[in-house]
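# Examining the three-dimensional arrangement
The lines below spell out each chain.
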Amino acid sequence: MKIHEYQAIQLFKNVGIPTPGGETVSTLDDGLAVAKRLGFPVVLKSQVLVGGRGKAGGIKVVNNDVEFKEHFIRIRALKIKGYSVEKIFIVPAVDIKKEFYAAVAIDNIKSDVVLIVSAEGGVDIEETAKKNPQAIKKFYLNGQKTIDTARWPEFVKSIFSDEADQKIATGVLQKLLAVFFTNDCSIAEINPLVKDAKGQWFAADAKVNFDDNAIFRHVELESLRDLSYEDADEIEAKNLNLSFVKMDGTVGCIVNGAGLAMATLDTIKLLGGEPANFLDVGGSSNSAKVLNALKIILRNKNVKSILVNIFGGITRCDDIANGIIEARKQLNIQVPMSVRLIGTNEKEAAEILKRENIISHPTMRSAVEEAVKLAKR
Ligand code: GDP
Ligand code: MN
């Protein structure tokens, strides 16, 4: 889950990372009032959940009312990577002398949390990573949650030559780690972390993503969710306890078990089709779940065929078959289906389906082949 800069900066503030302050508005009048209160110059910062706002014209320092109006109206009308700007964060401008980069992230290959720090921060950090990777320093935590180790002084000295800077940077990084671990983040990033002309430090930007698999532990973060960035079908599926991810293809799928669902997507691709979704109805599935799943799948107008691939264990195949028949009636389903139901009560299931002229395929391959063929008609 991603949150906006103005929300992430609040998490930074809570742990004592210095921030410039500011307020978020959506109208010009509210914005002007905030700017008057803060005093010019201020920075107008578009709040969209994508990176590279600066390069897209979504960040602007303004010095007076006239500039404020011009750029507020311009930024409010921008589309950044397809997203409209609904909110603008207005902050007192920092007289930036130096921009650094600081982040806490997960290195999936090393299975470790890593601090990433660079003296070359700012909007060109991606370029730096490509052209001058040695300017980006990494400190692995080796499974710890703090930087309180013998390795630290040497690391921090390799980035900041000044002793006072080393001390301030260490403090900021410790606090950034606290944000990362207390909120179960997948990333917590400050770019740029800035030093102004008077030697004061500020987090001039904030990016925080939460690990979706841990979000249930943080009810307090739920209110930060911006639903305009989430797929309505995925939200509904989640409320119905279905694990659903929308995709670009034409073969809708209902599968039980995440592993089988992944294998099903692979098989569709292998046999020349394109899946329209991932959907795991879960271990103990019933006819109500099948009905809900079909409702969500059929909202996607790209779906040209539906593949049901169930391996019945605790789940009874006859329950699923009844669910399919019931859903076909209730939802008046016109999209053709290909079904494979094996395991507990598979014979009963085949009988139920046969009465409605649906054949239950003996193998996954033949069911997928038919679904792919139907989707191409
Ligand atoms: P991003 O492009 O989405 O990462 O947006 P940022 O919030 O990082 O802003 C982009 C750039 O705008 C920064 O790297 C700074 O160079 C500049 N910027 C942001 N805030 C200020 C500020 O307070 N004063 C000045 N002078 N520049 C700023
Ligand atoms: Mn930034």
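Report follows, based on the coordinates. (Residues numbered from 1 in each chain as written. Chains lettered and ligands numbered in written order. Predicted model: local features only at pLDDT ≥ 70, side-chain atom pairs only at ≥ 80, totals over all residues. Heavy atoms only, no water.)

Position of serine 46 among the secondary structure elements: in strand S2 (residues 42-46). Here the side chain of serine 46 touches glycine 58 through a polar contact of 2.9 Å, landing on its backbone oxygen. Once you skip the residues sitting within four places of it in the chain, serine 46 turns out to touch Arg53, Gly58, Ile59, Ile75, Ile80, Val85 and Lys87. (Helix = DSSP H or I, 4+ residues; strand = E, 2+ residues; numbered from the N terminus. Polar contact = N/O pair within 3.5 Å; in protein donor to acceptor, adjacent residues only side chain to side chain. Contact = heavy atoms within 4.5 Å.)

We now examine the sheet that holds strand S1 (residues 23-25). Consider a sheet: its strands pair through backbone hydrogen bonds, and that pairing is either parallel or antiparallel. Judged by pairing direction, the sheet is antiparallel, and its 4 strands sit side by side in the order S1-S6-S2-S3 without closing on themselves. Where the open sheet ends on each side, the last strands, each with one partner, are S1 and strand S3 (59-62). Neighbour-to-neighbour, the strand axes of this sheet turn through a mean angle of 25°, independent of strand direction. Alignment of S2 against S3, held across 4 bridges, turns out to be antiparallel. (Pairing = 2+ DSSP bridges. Axes fitted to C-alpha atoms, helices over the stretch in contact; angles between N-to-C directions.)

Close contact between helix H8 (residues 258-270) and helix H12 (residues 364-376) brings their axes to 10 Å; oriented N to C, the two are set at 55°. The orientation of H8 relative to H12 falls into the category oblique. For the crossing formed where H8 meets H12, the hand is right-handed. Along the contact surface, H8 presents Leu260, Ala263, Thr264, Thr267 and Ile268, while H12 presents Met364, Val368 and Val372. Each residue belonging to the contact of H8 with H12 can be placed in one class, and the counts come to 6 nonpolar, 2 polar and no charged. (Parallel < 35°, antiparallel > 145°, perpendicular 65-115°, else oblique. Left-handed = near helix turned anticlockwise from the far one by under 90°. Nonpolar A, V, L, I, M, F, W, Y, C, P; charged D, E, K, R; others polar.)

If you trace the backbone, glutamate 189 turns up in strand S10 (residues 185-196). Residues glutamate 189 and glycine 259, spaced 70 residues apart in sequence, show a C-alpha to C-alpha distance of 33 Å. When near neighbours in sequence (up to four residues on either side) are disregarded, glutamate 189 contacts Phe12, Tyr101, Ala102, Ala103, Asp205, Ala206 and Lys207.

Attention now goes to the nonpolar core. Looking at soluble globular proteins, one finds that nonpolar side chains tend to be buried together. Phe12, Leu115, Val208 and Phe210 are the most contacted members of the largest nonpolar core, which totals 44 residues. Considering every element that reaches this core, the biggest residue donor is helix H6 (residues 163-182), with 7 residues. Shared between two domains, this core holds at least three residues of each, these being domain 1 (21-92) and domain 2 (96-224). The next biggest cluster of nonpolar side chains, apart from the first, holds 33 residues, and it includes Ile306, Val308, Ile320 and Ala349. (Core = buried A, V, L, I, M, F, W, Y, C linked by side-chain atoms within 4.5 Å. Buried < 20%, exposed > 50% of the residue type's maximum accessible area, 1.4 Å probe, protein only. Domains from an automatic or database assignment.)

This part takes up the site of ligand 1. Close to ligand 1 lie 17 residues, the nearest being Lys45, Arg53, Gly54, Val94 and Glu99. Between ligand 1 and lysine 45 there is a distance of 2.7 Å, counted from an oxygen atom to a side-chain nitrogen or oxygen. Take glutamate 99: an N or O atom from its side chain is 2.5 Å from an oxygen atom of ligand 1. Elements supplying a minimum of two residues to the shell around ligand 1: S2, S3, strand S7 (96-107) and S10. Partitioning the shell around ligand 1 into residue classes produces 9 nonpolar, 4 polar and 4 charged. Among the domains, domain 1 (21-92) and domain 2 (96-224) are the pair contributing at least three residues each to the shell around ligand 1. (Near = heavy atom within 4 Å.)

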